[in-house]
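Notes for the structure review
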2 protein chains.
Amino acid sequence: MKEFETTYPDDNYTVHVGHGIFKETLNLYTSRYEDVFYIIDENVHHAFKTTALKDIEDPVITRPGEAAKTAEAFIGIVESLLERGIKRSSLVVVIGGGAAGDAGGFAAAVTLRGVDFIQVPTTLLAHDSAIGGKTAINSRHGKNLIGAFHRPSGVIYDLDFLSTLPESEILSGFGEVYKHALLDSEKAARDLMEQTAHGVKAADLEDSLIKGIRTKMRYVTEDEFESGSRKYLNLGHTLGHAIEYEYKIQHGHAVMLGLYAMMFISNEQSESRIFDLESHHTYFSNLGYPMELLGTLDPGRMLKHMKHDKKNISDASVGFILMDKDFEPFFTEISTDEMVKYIGALKESL
Amino acid sequence: MKEFETTYPDDNYTVHVGHGIFKETLNLYTSRYEDVFYIIDENVHHAFKTTALKDIEDPVITRPGEAAKTAEAFIGIVESLLERGIKRSSLVVVIGGGAAGDAGGFAAAVTLRGVDFIQVPTTLLAHDSAIGGKTAINSRHGKNLIGAFHRPSGVIYDLDFLSTLPESEILSGFGEVYKHALLDSEKAARDLMEQTAHGVKAADLEDSLIKGIRTKMRYVTEDEFESGSRKYLNLGHTLGHAIEYEYKIQHGHAVMLGLYAMMFISNEQSESRIFDLESHHTYFSNLGYPMELLGTLDPGRMLKHMKHDKKNISDASVGFILMDKDFEPFFTEISTDEMVKYIGALKESL
């Protein structure tokens with residue numbers, strides 16, 4: 001098992017990563033609390049209820065995936081915790097993918113104005129979302145627009161949970177793994193690209209996952225409330241979220257399309273060839289990402305969705321993360337006119 | 001105008017109190033923000049839309065009173081803010097009584113994971129709830145069980161808003177004024193009792209209100225997250241909330257009945273006569289509080305409601321604030337058996 005500790009001034013927590021670590025590691029935490037309440041994604045519960053999760057009594061079961069993040073489903077989770085008699089001194093353990101973690105973490109944040117919670121991510125994608133204390137549900141007006149910053153008391157990432165993931169879920173999670181490699185270094189991104197040139201298998205990704213976790217931890221510790229460098233983690237996400245919202249595709253798939261658009265715009269704006277677009281296009285297509293959707297983007301609708309992204313603070317422009325020639329991310333404001341132009345050029349380039 | 005500044009280590013805010021101060025004081029805050037969004041209680045909007053509130057465009061109107069604090073109404077407020085294009089850099093101004101402040105403040109806490117907000121309390125009761133950063137909505141299982149700690153950026157208490165309050169609302173607010181006097185000193189409580197022996201008028205209460213605000217500020221600054229002395233502000237509230245929930249009466253009315261029960265139990269437990277129960281009973285009855293309800297309390301149902309109160313951390317007992325012979329509040333655990341006995345004795349004593 002590997003363990004990484006956050007480096008905030010106080011209230012630090014540990015991220016545990018390994019195989020078959022769930023039960024024993026969780027016990028280190030639950031033994032400190034009088035009451036423990038479990039929130040588990042329906043699919044995860046179904047897959048592991050006779051094995052890893054067999055001792056858990058009366059969990060709150062969430063609807064699978066993003067369905068857990070509607071306002072109605074969320075209120076249901078909170079009311080279920082209260083119905084079971086949760087107290088301020090209780091512990092909540094959230095077991096599931098990114099969506100369960102987001103909704104369950106937000107439930108822990110607002111039930112009784114905040115109780116302690118542990119994140120137990122069970123997907124590749126959740127290696128990202130389980131770390132950093134961002135919790136949220138979706139609004140009618142966009143993803144993750146209602147939420148709270150609420151640090152977990154610990155993150156237990158048992159890689160054995162990844163074993164039952166469908167291929168599309170692995171592919172979705174790989175979007176964030178690849179983003180973290182880009183943020184890490186040009187070499188890390190190139191190595192990962194070579195390693196996965198013939199397909200993505202969860203078992204091969206452990207090193208990259210652990211690197212990704214460290215990259216994520218570095219950014220969220222530096223800037224917990226996203227007033228500065230944490231924004232770089234939105235690499236690929238501004239347009240990615242808009243694509244996800246418009247086409248209802250999986251998060252990581254949309255992020256990967258967003259990363260490609262980011263590469264295109266970074267090249268355009270710098271008037272240089274930071275990214276080899278052709279090889280990336282081939283690579284992403286071969287892995288199975290729906291690159292063809294980029295050819296159908298409606299700039300007006302994309303802008304409308306991007307406006308609802310909470311990081312976009314002005315009406316006349318869109319806050320966007322690009323990468324420079326030194327492979328460093330930077331924040332910039334792209335005017336809506338320019339954005340329409342970039343999306344048009346991107347479509348033509350395909 | 002009087003101004004009081006909180007004394008937290010950082011992020012302090014000012015409480016402004018006076019007559020006719022709303023517009024000018026608010027302007028000091030709004031001028032610092034690009035966008036300002038208003039959340040206004042329906043009744044307050046109706047009463048002041050042609051006067052104090054006439055320049056406010058497109059406010060989010062909340063259902064009057066506690067109706068604003070259902071999960072559904074709350075989600076409606078948040079979605080309305082998002083629909084209007086709120087950004088992280090925006091300011092929210094919440095204008096209304098305690099319920100609007102609680103729900104509107106919680107909306108500000110979770111919209112985009114938190115935006116700045118100003119409390120503009122318009123009732124007597126809200127002199128209490130607008131200060132201290134506690135925000136919440138109600139659960140099916142009890143009052144204020146879903147919420148957040150979210151400090152306002154300022155509190156503007158324009159006493160002119162009190163002019164249109166119905167008598168029952170004044171009486172309800174007086175419950176908290178009286179509680180603050182009890183927490184202040186024996187003399188403060190006695191003086192207030194004498195001053196209001198023939199009825200409660202908002203205009204006569206300004207000094208007591210300002211004292212109450214200072215008392216509240218002292219407690220919430222000392223212990224923002226209620227791990228210690230802030231609990232004393234729950235004086236009269238543990239049983240009061242249960243009474244409010246059971247009989248659906250106004251908050252301050254229930255608190256006053258809860259304060260009477262607290263006096264009774266304080267006397268019983270100390271085996272002394274800290275409070276003159278007879279004169280308090282006469283005083284509260286004469287003012288119009290429904291003291292007769294205390295004769296109908298069902299101990300089992302009261303305990304059930306109290307169990308759901310988030311401050312009550314154990315199953316076998318109820319956390320309760322009493323007062324000692326030196327007129328100092330203290331926290332104690334009362335076993336459920338004892339509580340049944342006290343409620344029985346209270347009913348007999350009436």
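Residues numbered from 1 in each chain as written. Chains lettered and ligands numbered in written order. Predicted model: local features only at pLDDT ≥ 70, side-chain atom pairs only at ≥ 80, totals over all residues. Heavy atoms only, no water.

**Focus on the UniProt feature "domain: 3-dehydroquinate synthase N-terminal" (unreviewed entry) in chain A**
In the UniProt entry, the feature "domain: 3-dehydroquinate synthase N-terminal" (unreviewed entry) is given for residues 61-170 of chain A. Measuring from the first to the last C-alpha atom of residues 61-170 of chain A gives 23 Å, for a span that is 31% helix and 30% strand. (UniProt positions renumbered as here; feature names shortened; annotations may be inferred. Helix = DSSP H or I, 4+ residues; strand = E, 2+ residues; numbered from the N terminus.)

**Quick word on unusual backbone geometry**
Residues and elements named next belong to chain A. The backbone of Asp11 sits at a positive phi, close to 50°, despite the residue not being glycine. Structurally, Asp11 can be placed in the loop between β1 (2-5) and β2 (14-18). Judged by its relative accessible area of 61%, Asp11 is exposed. Positive phi, close to 60°, is recorded for Asn144, a residue that is not glycine. Relative to the helices and strands, Asn144 resides in strand β8 (residues 142-149). Judged by relative accessible area, Asn144 falls into the buried class, the value being 11%. (Buried < 20%, exposed > 50% of the residue type's maximum accessible area, 1.4 Å probe, protein only.)

**So, empty space enclosed by the protein**
Residues and elements named next belong to chain A. Counted according to the given criterion, the structure contains six cavities of 30 Å³ or more. Of the volumes computed, that of the second largest cavity is approximately 110 Å³. Lining the second largest cavity are 13 residues, with Gly142, Lys143, His241, His305 and Asp309 sitting closest to its centre. For the lining of the second largest cavity, the elements supplying multiple residues, two or more each, are β8, α9 (237-247) and α12 (299-307). Take the lining of the second largest cavity: its biggest share by element is four residues, from α9. Class assignment for the residues of the lining of the second largest cavity results in four nonpolar, six polar and three charged. (1 Å grid on protein atoms, 1.4 Å probe; cavity = no way out; pocket = protein on both sides within 12 Å on 5 of 7 lines; lining within 4 Å. Points joined across faces, edges and corners; volume = space filled by probe spheres on them. Nonpolar A, V, L, I, M, F, W, Y, C, P; charged D, E, K, R; others polar.)

**A closer look at the interface of chain B and chain A**
In this assembly, 35 residues from chain B lie in contact with 35 residues from chain A. In total, about 3200 Å² of surface goes out of reach between chain B and chain A, with carbon and sulfur atoms giving 57% of it. At the junction of chain B with chain A, the criterion picks out two salt bridges. For B:Glu226, the salt bridge is made with A:Arg88, and the minimal N-O distance between the two is 3.5 Å. On inspection of chain B and its partner chain A, the count reaches 13 residue pairs in polar contact (both at pLDDT 80 or more). Among the secondary structure elements, those contributing two or more residues to the side of chain B that touches chain A are α3 (71-83), α4 (98-110), β7 (134-139) and β8 (142-149) of chain B. (Contact = heavy atoms within 4.5 Å. Buried area = accessible area lost by both parts, 1.4 Å probe. Salt bridge = Lys/Arg side-chain N within 4 Å of Asp/Glu carboxyl O. Polar contact = N/O pair within 3.5 Å; in protein donor to acceptor, adjacent residues only side chain to side chain.)

**Concerning the domain arrangement of chain A**
Residue and element names in this part refer to chain A. Split into domains, chain A comes out as domain 1 (2-164) and domain 2 (178-349). On the domain 2 side, the residues contacting the 29 residues of domain 1 number 26 residues. Surface buried jointly by domain 1 and domain 2 totals about 2500 Å² across both partners, of which 66% is contributed by carbon and sulfur atoms. For the interface between domain 1 and domain 2, the tally reads four salt bridges. Among the salt bridges present, the one from Asp128 reaches Lys216, with a minimum N-O distance of 3.1 Å. By residue number, the principal contributor to the side of domain 1 that touches domain 2 is β8, which donates five residues. Classifying every residue of the side of domain 1 that touches domain 2 by side-chain character gives twelve nonpolar, ten polar and seven charged. (Domains from an automatic or database assignment.)

**What about the packing of helix α6 (residues 167-184) of chain B against helix α8 (residues 206-222) of chain B?**
Residues and elements named next belong to chain B. In the contact formed by α6 and α8, the axes pass within 9 Å of each other and the chain directions differ by 65°. Our pair here, α6 against α8, has a crossing hand that is left-handed. Across the interface between the two elements, Val177, His180, Leu183 and Asp184 of α6 pack against Ser208, Leu209, Lys211, Gly212, Thr215, Lys216, Arg218 and Tyr219 of α8. Tallied by class, the residues present in the contact of α6 with α8 amount to four nonpolar, four polar and four charged. (Axes fitted to C-alpha atoms, helices over the stretch in contact; angles between N-to-C directions. Left-handed = near helix turned anticlockwise from the far one by under 90°.)

**Side note on the packing of α3(B) against α4(B)**
All names here are of chain B. Running from N to C, α3 and α4 cross one another at 50°; their axes reach a closest spacing of 9 Å. When the axes of α3 and α4 are compared, the pair comes out oblique. In the packing of α3 onto α4, the handedness of the crossing is right-handed. The residues of α4 that touch α3, namely those facing Phe74, Ile77, Val78 and Leu81, are Ala103, Phe106, Ala107 and Val110. Among the residues making up the contact of α3 with α4, the classes are represented as eight nonpolar, no polar and no charged. (Parallel < 35°, antiparallel > 145°, perpendicular 65-115°, else oblique.)

**Regarding the relation of the copies chain B and chain A**
Laying chain B over chain A is done by rotating through 180° and shifting 0.0 Å along the axis; what remains is an RMSD of 0.0 Å. Such a turn and shift between the copies fits a two-fold axis. (Least-squares fit on C-alpha atoms with pLDDT ≥ 70 in both.)

**Concerning the pairing of strand β11 (residues 329-335) of chain B**
All names here are of chain B. Note: strand β10 (residues 317-323) against β11, seven bridges, orientation antiparallel. Residue Leu322 lies in a different strand from β11, and its bridge partner there is Phe330. From the end of β10 to the start of β11, which pair antiparallel, there are five residues, and Phe327 there has a positive phi angle of about 65°. (Pairing = 2+ DSSP bridges.)

**Re the side chain of B:Glu244**
With respect to the element layout, B:Glu244 can be found in helix α9 (residues 237-247). The residues contacting B:Glu244, other than those within four sequence positions of it, are B:Lys143, B:Ile249, B:His251 and B:Ala254.

**Describing the pattern of salt bridges**
Going through the model one piece at a time under the given rule, you end up with 32 salt bridges over all chains. Across the pair B:Glu176 and B:Lys179 runs a salt bridge whose closest N-O atoms are separated by 3.1 Å. Residue B:Glu176 and its partner B:Lys179 are both found in helix α6; the two are separated by three residues, about one turn of the helix. Accessibility assignment for this pair places B:Glu176 and B:Lys179 in one class, buried. Connected via shared salt-bridge partners are A:Glu66, A:Lys69, A:Asp102, A:Lys143 and A:Glu244.

**Examining helix α10 (residues 251-270) of chain A**
Residue and element names in this part refer to chain A. In this model α10 runs 28 Å from its N-terminal to its C-terminal C-alpha over 20 residues, within 8% of the 28 Å that 1.5 Å per residue would give. The element α10 is extensively covered by neighbouring structure, given that 17 of its 20 residues are classed as buried. Positive phi shows up at Glu271, right after α10, with a value of about 50°. (Expected span 1.5 Å × (residues − 1).)

**Describing the sheet that holds strand β5 (residues 91-96) of chain B**
Residues and elements named next belong to chain B. Strand order across the open sheet formed by seven strands is β1-β2-β9-β6-β5-β3-β4, with mixed pairing between neighbours. Either end of the sheet is taken by a strand with one partner, and the two such strands are β1 (2-5) and β4 (60-62). Adjacent strand axes in the sheet meet at a mean angle of 15° when their direction is disregarded. Relative to β4, strand β3 (residues 36-41) runs parallel, the two sharing three bridges. Bridge pairing in β4 places Ile39 opposite Val60. Contacts from α4 reach β3, β4, β5 and β6 (116-121) within the one sheet, and its direction differs from that of β5 by about 165°. Taken strand by strand, α8 contacts β1, β2 (14-18) and β9 (154-158), and its axis lies near 10° from that of β1.

**Some remarks on helix α3 (residues 71-83) of chain A**
Residues and elements named next belong to chain A. Under the 1.5 Å per step criterion, the end-to-end length of α3 is 18 Å for 13 residues, consistent within 8% with the ideal 18 Å. Within α3, ten of the 13 residues are buried, leaving the element largely enclosed by the surrounding structure. Every buried residue belonging to α3 is among Ala71, Ala73, Phe74, Ile75, Ile77, Val78, Glu79, Ser80, Leu81 and Leu82, and all of these are buried. The first or second residue beyond α3 is Gly85, which carries a positive phi of 85°.

**Describing the sheet that holds β2(A)**
All names here are of chain A. Strands sit in the order β1-β2-β9-β6-β5-β3-β4 across an open sheet of seven strands; the sheet is mixed. With partners counted over all chains shown, the strands left at the sheet margins are β1 and β4 (60-62), one partner each. When strand polarity is set aside, the average angle formed by the axes of neighbouring strands in this sheet is 15°. Bridging between strand β5 (residues 91-96) and strand β6 (residues 116-121) involves six bridges; their strand directions are parallel. Counterpart to Val93 in the pairing with β6 is Ile118. Of the strands in this sheet, β2, β3 (36-41), β5, β6 and β9 (154-158) are in contact with helix α1 (residues 22-30), which crosses β9 at around 170°.

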